[in-house]
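# Observations on the model geometry
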Amino acid sequence: MSPPKPRPGVLDVAPYVGGLHTVEGVSQVIVLASNETPIGPSEHAIRAYQSASRVLHRYPDGHATELRAVLGRHFGCDKDRIVCGAGSDEVIQLLIRAYAGAGDEVLYSRHGFSIYRIFATGVGAKAVAAPEKVLTADVDALLAKVTDRTRLVFIANPNNPTGSYLPTDELQRLRDGLPEHVLLVIDAAYAEYVSRNDYTAGIEMVDRHDNVVMTRTFSKIYGLAAVRLGWAYCPAAVADVLNRLRGPFNVNEPAQLAGIAALEDTKHIAASQAHNAKWLPWLATTLGGLGLTAHPSVGNFVLAQFPDARGAEEAYAFLLTRGIITRKMGSYDLPDCLRITVGLENEMRALAAALGEHLGRS
Ligand SMILES: *Cc1c(COP(=O)(O)O)cnc(C)c1O
């Protein structure tokens, strides 16, 4: 007799470690650890969420019909090829479960978002990391790692935690260099923050090719991380596969209603974009002024590099004593870095003052 054993790969997973939201002994914290919007959700989304409390005894619309229709109109997508999930994490996991298994390879970029590796490992596949150039995905290096076992390639664009992005022509070159049977997944979680004319979230690439999927989230600029809502825009065959595999009611009703309201509140989105456009460069410049390397970012966060791992660790600990929570980057192989989310003005000024005090002293 032997006890139940999970499938190969499961016990190889190093579980995801999220950012902190509390500090023991500190009542007023400044949370800059999880790339959440400091502006919060739209008031309309909050009201829509509350309205769902009266129908909690009913199952949600298992097809997210209205939400997909609004998404389709808002982004110019075919609503029939949109699949919603409990966060884009769920959609990413479904893609990996559907297209990879034991012995297969899932390719990502060395400092790419860690969820790809976690889910790939969990299905028994091999997560293969391609080297980067200056903390940016390298198309040639990715293509060089493709083998006949490769099933999916994940690219977060822009990438978390580095903040870097691949311009449209490079993304297209990556797709064109892949064998047709390899699925390219473009994770555009931060697309709303990017204001570059050589950037694409990937919608028209999905429309043009049978092996490109784009994933999006309501957790970032829409301020709905708690409700867990994300979606994928897919070729028809991939949408069909995800719809077979997903749970029949995988997106709850409060999330669907809040998501619709959040999409329609374009004023709120514009205000969040404007806030970030002002404070992202301010944060980068301020970190630079303190002698740190602020890696160029087009998201709502900055990767700050210290002279060494000890410097990053000490700054992290000092900031915590001031109730300021940033994100350590050891799990991304960047132990000399902290990732810092753009916060409110007073939060940014408090961070700058605390870091200045710490670095001036050491
Ligand atoms: C935050 C983030 C997501 C969003 O995940 P959700 O499950 O939708 O909350 C996806 N991809 C990247 C790269 C992210 O940073």
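These lines cover the structure that appears in this document, whether it is placed above or below. (Residues numbered from 1 in each chain as written. Predicted model: local features only at pLDDT ≥ 70, side-chain atom pairs only at ≥ 80, totals over all residues. Heavy atoms only, no water.)

## Things to note about the sheet that holds strand β3 (residues 105-109)
Our working definition: The pairing criterion for strands is at least two bridges between them, as found by DSSP. Helix and strand assignments come from DSSP, with helices taken as H or I runs of at least 4 residues and strands as E runs of at least 2, each series counted from the N terminus. Helix axes use the C-alpha atoms of the stretch in contact, all axes being lines fitted to C-alpha atoms, and the angles between their N-to-C directions lie in the range 0 to 180 degrees. Contact definition: two residues touch when any of their heavy atoms are within 4.5 Å.
Read across the open sheet, the seven strands follow the order β2-β10-β9-β8-β7-β3-β4; overall the sheet is mixed. In this open sheet, the two edge strands, each paired with only one partner strand, are β2 (82-85) and β4 (126-130). Each strand axis lies, on average, 25 degrees off the axis of its neighbour in the sheet, ignoring direction. Bridge count between strand β7 (residues 150-156) and strand β8 (residues 183-187): five bridges; the pairing is parallel. The partner of A156 across the bridge, within β8, is D187. Where helix α2 (residues 65-75) meets the sheet, it contacts β2, β9 (212-217) and β10 (230-233), and its direction lies at approximately 120 degrees from that of β2. Of the strands in this sheet, β2, β7, β8, β9 and β10 touch helix α3 (residues 87-99), which is tilted by about 155 degrees from β9.

## Structural notes on the environment of A352
Defined as follows: Using a 1.4 Å probe on the protein chains alone, a residue whose accessible area is under 20% of its type maximum counts as buried, one over 50% counts as exposed, and one in between counts as partly exposed.
As for its placement among the helices and strands, A352 is situated in helix α12 (residues 345-361). For A352, a relative accessible area of 18% gives the class buried. Sequence spacing of A352 and V91 is 261 residues, and the spatial spacing of their C-alpha atoms is 37 Å. What A352 contacts, discounting residues up to four positions off in sequence, is W282, T286 and L290.

## Overview of the nonpolar core
Our working rule: Joining through side-chain atoms within 4.5 Å is the link that ties buried Ala, Val, Leu, Ile, Met, Phe, Trp, Tyr and Cys residues into a set, and such a set is a nonpolar core.
L67, L71, I155, L184, F218 and W231 are the most contacted members of the largest nonpolar core, which totals 58 residues. Among the elements that make up this core, the one with the highest residue count is helix α9 (residues 253-264) (six residues). In this view, L67 contacts C84, F218, L229, Q256, G259, I260 and L263; residues no more than four positions away in its chain are not counted. Among the nonpolar cores identified, the runner-up in size contains 34 residues, and A100, A156, C234 and L334 belong to it.

## Quick look at the site of the ligand
To keep it simple, the criterion reads: Consider each residue's heavy atoms; a residue with any of them within 4 Å of a molecule or strand counts as near. Any pair of N or O atoms that falls within 3.5 Å is considered a polar contact. Within protein, one atom must be able to donate a hydrogen and the other to accept it, and sequence-neighbouring residues count only if both atoms are side-chain atoms. Exposure was quantified through the Shrake-Rupley algorithm and a 1.4 Å probe, taking into account, for residues, occlusion by the shown protein chains and nothing else. In the scheme used here, Gly and all other residues not listed as nonpolar or charged are polar, with Ala, Val, Leu, Ile, Met, Phe, Trp, Tyr, Cys and Pro taken as nonpolar and Asp, Glu, Lys and Arg as charged.
Lining the immediate environment of the ligand, one finds 13 residues, of which D187, Y190, T217, S219 and K220 sit closest. D89 places a main-chain nitrogen or oxygen 3.0 Å from an oxygen atom of the ligand. In isolation the ligand has 390 Å² of accessible area, and contact with the protein removes 93% of it. When residues in the shell around the ligand are grouped by element, the largest group, three residues, is from α3. In terms of residue class, the shell around the ligand is built from four nonpolar, five polar and four charged.

## A few points about helix α10 (residues 266-289)
Note: α-helices contain 3.6 residues per turn, so residues at a spacing of three or four share the same orientation. Basically, it comes down to this: By definition here, a helix of n residues has an expected span of 1.5 Å times n minus one.
Taking 1.5 Å as the rise per residue, α10 with 24 residues should run 34 Å; its terminal C-alpha atoms sit 35 Å apart, in good agreement. One or two steps after α10, the chain reaches G291, where phi turns positive at roughly 90 degrees.

## A look at α9
With twelve residues, α9 should reach 16 Å at 1.5 Å per residue; the first-to-last C-alpha distance of 17 Å fits that figure. Here α9 lies mainly inside the structure; ten of its twelve residues are buried. Structurally, the start of α9 carries an N-cap: the backbone nitrogen of A255 is 2.8 Å from a side-chain oxygen of N252.

## A closer look at the environment of A284
Relative to the assigned elements, A284 resides in helix α10. Relative accessible area serves as the criterion here: at 27%, A284 is assigned to the partly exposed category. Sequence-distant contacts of A284, that is, excluding residues within four places in its chain, are made with A294 and V302.

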